[in-house]
Every structure is written in structure tokens, then in C-alpha cells.
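Close look at the chain arrangement
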Amino acid sequence: KWAQTRTGQLTPPEDIGEGRWISGLASLAEVQLLRGRVDAILTGIGTVQADDPRLSVRAPGDASNPPMRVVFDSYLHMSPDARMFEPVESSAAAAGHEAAGPVVIFTRPGPKPVRTRKLMAKGAEIVALPPDDDGQLSLWAAAEWLWQRGVRRSLLEAGPTLIQSFMEHHLVDQIRVYSGDVSGGRGTSLGALLSDGRPKARLHRESGSDAVLEYFR
């Protein structure tokens, strides 16, 4: 799942949505529903450093069984002060309004020992994965590890680099793209990926002021 501007950028202009938000409120609510239906949410360290997301499930999503939160971080740059490690307020948790799953960090073998201890003290599970032929973390090894942990459906919420890598490794079977009512933007466009092969099924719809494209690869 990703949100983009009309020109296909995943980051809006700096003066729009605090430089972070492209989607409207209706689409943001849909994302919470999505999060409540998956076993894991996957993201990259670039997204964590840029947006500092919590990746929690909030209303109207089902917060009764929050998904595992997985960060791809080859060189263990994850900060122990990231918002992902902030505890959910007890009042919100008790009311079922917000919940967050465990944090798993995929990194290369031989991670930094001091950083590893700090992250583990925050509750993170550090998993060393072998590099792929291109020197990046093996996405297939990550998929195998997640499968062994019972993950059957995951939601990839990441930047263009990790999204493109998952697509190229044929690890994506369903796509949802929110195009916001925003012109311009910053960063790489993923427009070319949308023409990657013939979709099995395609749906165009609206979500508030956003246009939504959904399809199965």
C-alpha cells in the first residue's frame, strides 16, 4: 500500500500535510482497517527515520490482535528512541482504541552489539538475515522467517526502494494505491510499477478526495 501525489511521488511538497501526509482522513481510516486485518506490517529504516511511525492499529481498525511490526534495517540504524517503542496509553488500550504488536528488526549478520542491547532492552527482537546477491537483505529469507512465525498476510508500508525490491522479487500479490489531491512532490515515482504486468483484477474507486487503485498482480 502506498500513497502518492498526482505525479506519482510518495512524499508531498514540504508545505503540504506537514511534508508527510498525502491521503485524506477517509483514506487514513481505511489504512487502519487494513492494519487490523494483517499479521505483520513491514517497513524500511528509511521510512522510520523520515516519518518516525508507530505502525499501531487505531479505530476504526480491529485492535484486538495487533500485527507484528517489522523493520528492514541492514546496518541497525534504528534508534531506541523511535516512537515505535513508545508504550500505548493504558486508557486507549483498555478501550480498544489503539494497540501495537511486537517489533522485529531484520539486519545483516554481526549487528552492532551496543545498539543491539539497547534495542533489545526496548523490547525489539533482532533477527540477522543473510545478504542477497546484490548485498541487500534477502527478502526471501525474510519471507521464510515470517512464514515460520505464522505470518500469512502482511502489509508493506514503505518507501519506493523497498516497495520496488519486493515487487522485483515477486513478493507482492495485491496492491492498493491512494492518489491524493496534491500536485507535485518529492522523490522517486512508482508509476512505472503500476504497468508491471497485466492485473488479474482491477478496481478504481474514490475515498473522500483521493482516487484509489486496487489490483491483484
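Residues numbered from 1 in each chain as written. Predicted model: local features only at pLDDT ≥ 70, side-chain atom pairs only at ≥ 80, totals over all residues. Heavy atoms only, no water.

Side note on the pattern of salt bridges
- Counted by the stated rule, this structure contains ten salt bridges.
- Put simply, R6 and D181 hold a salt bridge, and the shortest N to O gap is 2.0 Å. Highlighted residues: R6 in the loop between β1 (2–4) and β2 (9–11) and D181 in the loop between β10 (174–179) and β11 (186–189), separated in sequence by 175 residues.
- Given a relative accessible area of 51%, R6 falls into the exposed group.
- E157 serves as the salt-bridge partner of R35, at 2.9 Å between the closest nitrogen and oxygen. Highlighted residues: R35 in helix α1 (residues 25–35) and E157 in the loop between β9 (154–156) and α6 (160–168), separated in sequence by 122 residues.
- The class of R35 is buried, set by a relative accessible area of 8%.
- Residue classification places E157 among the buried positions, given a relative accessible area of 10%. (Salt bridge = Lys/Arg side-chain N within 4 Å of Asp/Glu carboxyl O. Helix = DSSP H or I, 4+ residues; strand = E, 2+ residues; numbered from the N terminus. Buried < 20%, exposed > 50% of the residue type's maximum accessible area, 1.4 Å probe, protein only.)

Comments concerning α1
- Of all the residues in α1, the buried ones are S27, E30, V31, Q32, L34 and R35.
- The inward-facing, buried residues of α1 abut β3 (40–44), β4 (57–58), β9, β10, β12 (201–207) and β13 (210–216). (Contact = heavy atoms within 4.5 Å.)

Concerning the packing of aromatic side chains
- Within this structure, the stated rule accounts for three aromatic pairs.
- Between F72 and F166, the ring centres sit 5.7 Å apart and the planes meet at 90°, which makes this aromatic pair edge-to-face. In this pair, F72 sits in strand β5 (residues 68–72) while F166 sits in helix α6, placing the two residues 94 residues apart along the sequence. Side by side, F72 and F166 carry an identical accessibility label, which is buried.
- Aromatic side chains F106 and W145 sit 5.4 Å apart centroid to centroid with 85° between the ring planes, which places their arrangement in the edge-to-face category. Residue F106 is found in strand β7 (residues 103–107), and its partner W145 is found in helix α5 (residues 139–148); the two are separated by 39 residues along the sequence. (Phe/Tyr/Trp six-rings, centres within 6.5 Å; stacked < 30°, edge-to-face > 60°.)

Here's the deal with the environment of R83
- Counting through the fold element by element, R83 comes out in the loop between β5 and α3 (90–94).
- R83 sits in the partly exposed class, given a relative accessible area of 31%.
- Note: C-alpha distance between R83 and F72 (eleven residues apart in sequence) is 16 Å.
- The contact partners of R83, leaving out residues within four places of it in the chain, are D52, P53 and R54.

A look at the nonpolar core
- Residues V70, F72, F106 and I163 are the most contacted members of the largest nonpolar core, which totals 31 residues.
- Every element with two or more residues in this core is listed here: β3, β5, β7, α5, α6, β10 and β13.
- With sequence-adjacent residues up to four places away left out, F106 is seen in contact with V70, V71, F72, D73, S74, V127, L129, L137, A142, W145 and L146.
- Counting 18 residues, the second largest nonpolar core, distinct from the first, contains I41, V71, A82 and L155. (Core = buried A, V, L, I, M, F, W, Y, C linked by side-chain atoms within 4.5 Å.)

Things to note about the side chain of S138
- Tracing the chain through its elements places S138 in the loop between β8 (125–128) and α5.
- Exposure remark for S138: the relative accessible area of 11% places this residue in the buried category.
- Not counting the four nearest positions on each side in its chain, S138 is found in contact with L129, P130, P131 and D132.

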